[in-house]
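Listed below, chain by chain, are the residues.
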Amino acid sequence: MIKTIIIIEDDPAIVEPMTIALKNSGYFVITYFSGERILNNDFVPPDIFIIDKQLPMVDGLDICRHLKQNEKTMHIPVIMVSATPIKTLAKHAMADDALEKPFTIKQLRDIVAMHLIK
Amino acid sequence: MTDKHTQYLLASIVESSQDSIVTIDLNRVVTSWNRGAENLYGYKAEDIIGRPLETVMLPADIKDLINKVNNIIQEITVPIYETTRLHKNGREADLEIMLSPVRDATGAVIGISTIARDITVRKMQEHQKDEFIAVASHELKTPVTSIKAYTGILLEQVENYADETIASMVKKLDNQVDRLIQLISTLLDATRLAAGEMLLDIEPVDLNAIITELVEDAKLLSDRHSIIFNAGHLKRVPADKRLIGQVINNIISNAIKYSPDGGEVIITTLETNSGIQVSVQDFGIGIPEAEKSKIFGRYFRVRSQLAEKQQGIGLGLYITAGIMRQHGGDIFVESTEELGSTFYLTLPYSNT
């Protein structure tokens with residue numbers, strides 16, 4: 001069964017290589033440039049979320065909280081991504097893990113794999 | 001020149017100096033107050049002479065001044081320091097202060113002269129510069145993340161290429177991106193440190209395990225050095241794993257860098273009364289006596305032919321010392337020119 005990842009990130013120059021790297025590892029990747037569809041509950045639940053903190057309109061941490069407060073999605077792992085130290089903020093928003101930019105594609109794949117095994 | 005003339009000349013220099021020049025007796029009561037002091041603190045000489053210097057000080061700094069006065073009485077030199085003092089109107093000013101003894105004819109210390117310079121503007125400019133570096137570095141992170149990720153994918157694709165030059169160029173590209181990432185993170189660490197915003201992620205850390213890993217990496221860097229690790233028995237110590245690793249890595253790579261003829265680099269860990277001590281000894285070029293006190297300063301680089309060939313912006317030891325202090329620990333160095341240096345790091349078992 002192919003695992004599905006939703007990436008929410010507004011910078012195309014980050015989304016593209018992330019998507020390629022994860023597709024090359026055999027995942028099915030869906031990308032959104034904002035959290036709008038998530039907040040409107042207009043999406044098919046994936047196996048894992050990767051969410052950038054700094055997004056247009058709604059902060060990535062608020063999207064994470066929304067997912068974690070919703071019974072249907074609270075069990076799905078969320079990895080927060082940011083260019084600023086984010087570990088503590090991510091923990092407060094109930095995210096499962098955090099990844100600070102810049103990261104390597106190995107770090108990205110490792111963190112995804114770790115949370116999909118759990 | 002007659003004595004009287006000399007005295008008159010000196011008094012006039014003191015009076016017209018833009019720096020605040022104040023003398024106090026051993027009980028910290030003001031005995032003289034020049035025009036610079038009147039401008040800096042807002043008090044006229046006749047209003048303050050005979051009153052304690054505490055009048056223009058923040059309460060928290062008084063104990064520190066008492067210690068410094070005691071040092072001077074015991075003939076211990078007090079280095080120039082920065083502090084905050086109070087203007088008559090309640091405004092605080094950032095000052096740089098130099099304390100020196102005032103002696104009577106027999107040479108006994110009878111008071112202290114304190115020369116203060118207003119550095120509020122300089123402090124503000126430093127702060128603006130730090131903020132600029134922080135914002136610029138942060139903005140650099142996003143494109144660098146993108147380049148690093150694209151390069152990572154390229155690396156995987158060219159792995160099996162028949163044309164090795166392309167693979168080798170992509171590898172070099174990846175290395176250069178790593179250098180850029182390292183530089184950005186150094187600049188960010190330094191500005192966070194200056195702003196007091198370096199946050200520690202404290203957890204119990206097995207220091208010997210971290211060092212073992214770093215030693216393995218360091219062995220790959222140089223085949224002319226033999227890197228020896230004497231691991232003492234240690235309990236886990238509360239620390240930020242990533243930052244402590246960065247500190248020890250910095251000290252080990254400096255040891256390799258500044259012993260260009262190769263030789264041993266000896267790393268030792270041991271338990272002290274209150275914590276852990278790590279020492280890193282090299283047999284390299286050493287540090288000139290005059291520069292020893294400056295090496296932990298910002299943007300400082302050892303002036304030597306060897307050092308000029310090295311890359312870097314002189315922030316490594318500044319950040320290292322900052323990280324150690326943030327942990328409640330310390331760093332110091334013993335060094336002899338031409339014979340080598342030993343850096344000591346201390347970490348307390350409890351940092352409260």
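Residues numbered from 1 in each chain as written. Chains lettered and ligands numbered in written order. Predicted model: local features only at pLDDT ≥ 70, side-chain atom pairs only at ≥ 80, totals over all residues. Heavy atoms only, no water.

*Asks:* Quick rundown of the pairing of strand β5 (residues 97-100) of chain A? Include the residues and the values.
*Replies:* Residue and element names in this part refer to chain A. As paired strands, strand β4 (residues 78-82) and β5 are joined by four bridges and run parallel to one another. Following the sheet pairing, M80 is matched in β5 by A98. Remark: the β4/helix α4 (residues 87-92)/β5 crossover connection has right-handed handedness. (Pairing = 2+ DSSP bridges. Helix = DSSP H or I, 4+ residues; strand = E, 2+ residues; numbered from the N terminus. Right-handed = clockwise from strand over helix to strand, strands pointing away.)

*Asks:* A description of helix α6 (residues 164-194) of chain B should follow, citing residues and the corresponding values.
*Replies:* Residues and elements named next belong to chain B. Under the 1.5 Å per step criterion, the end-to-end length of α6 is 45 Å for 31 residues, consistent within 8% with the ideal 45 Å. Those residues of α6 that sit buried are V170, D174, V177, I181, I184, T186, L188, D189, A190, T191, R192 and L193. Of the residues trailing α6, G196 is marked for its positive phi of about 70°. (Expected span 1.5 Å × (residues − 1). Buried < 20%, exposed > 50% of the residue type's maximum accessible area, 1.4 Å probe, protein only.)

*Asks:* Requested: an account of the sheet that holds strand β4 (residues 92-103) of chain B, with residues and values cited.
*Replies:* Residues and elements named next belong to chain B. A sheet is described by the order of its strands in space; here five strands give the open sequence β2-β1-β5-β4-β3, paired in antiparallel fashion. A single partner strand is all that each edge strand has here, and the edge strands are β2 (30-33) and β3 (81-86). Neighbour-to-neighbour, the strand axes of this sheet turn through a mean angle of 35°, independent of strand direction. As defined by bridge partners, strand β1 (residues 20-25) adjoins strand β5 (residues 109-118) across six bridges and the pair is classed as antiparallel. Looking at the pairing, T23 lines up with S113 of β5. Where helix α4 (residues 62-73) meets the sheet, it contacts β3, β4 and β5, and its direction lies at approximately 25° from that of β4. (Axes fitted to C-alpha atoms, helices over the stretch in contact; angles between N-to-C directions. Contact = heavy atoms within 4.5 Å.)

*Asks:* Could you give an account of the pattern of salt bridges, naming the residues involved and the relevant values?
*Replies:* All names here are of chain B. Scanning the entire structure with this criterion turns up 26 salt bridges over all chains. Of the charged contacts in the structure, one is a salt bridge between E271 and K235, with a shortest N-O distance of 3.9 Å. Linking E271 in strand β9 (residues 263-271) with K235 in the loop between β7 (225-230) and β8 (237-240), this pair joins segments that are 36 residues apart in sequence. Beyond isolated ion pairs, a larger network of salt bridges with shared partners links E82, E96, R122, K123 and E126. (Salt bridge = Lys/Arg side-chain N within 4 Å of Asp/Glu carboxyl O.)

*Asks:* Provide a residue-level description of the interface of chain A and chain B, including the pertinent values.
*Replies:* The partner chain B presents 16 residues to the 21 residues of chain A that form the contact. For the pair chain A and chain B, the summed buried area comes to about 1,500 Å², and 63% of that belongs to carbon and sulfur atoms. Counting across the interface, chain A meets chain B through three salt bridges. A salt bridge links E100(A) to K141(B); the nearest nitrogen and oxygen atoms lie 3.0 Å apart. (Buried area = accessible area lost by both parts, 1.4 Å probe.)

*Asks:* Tell me about unusual backbone geometry, and name the residues and values.
*Replies:* Here the bond from K101(A) into P102(A) is cis, since omega is -5°, no more than 30 degrees from zero. Even without being a glycine, M57(A) presents a positive backbone phi close to 70°. Take M57(A): it is sitting in the loop between β3 (48-52) and α3 (60-69). Phi angles above zero are rare outside glycine, and E338(B) is one such case at about 75°. Within the secondary structure, E338(B) sits in the loop between β11 (330-336) and β12 (340-348). Under the relative-accessibility criterion, E338(B) is labelled exposed at 67%.

*Asks:* Tell me about the confidence of the model for chain B, and name the residues and values.
*Replies:* On average, residues of chain B carry a pLDDT of 88, and 96% of them reach 70 or more. What the predictor reports for the complex is a pTM of 0.67 with an ipTM of 0.92. (pLDDT = per-residue confidence, 0-100.)

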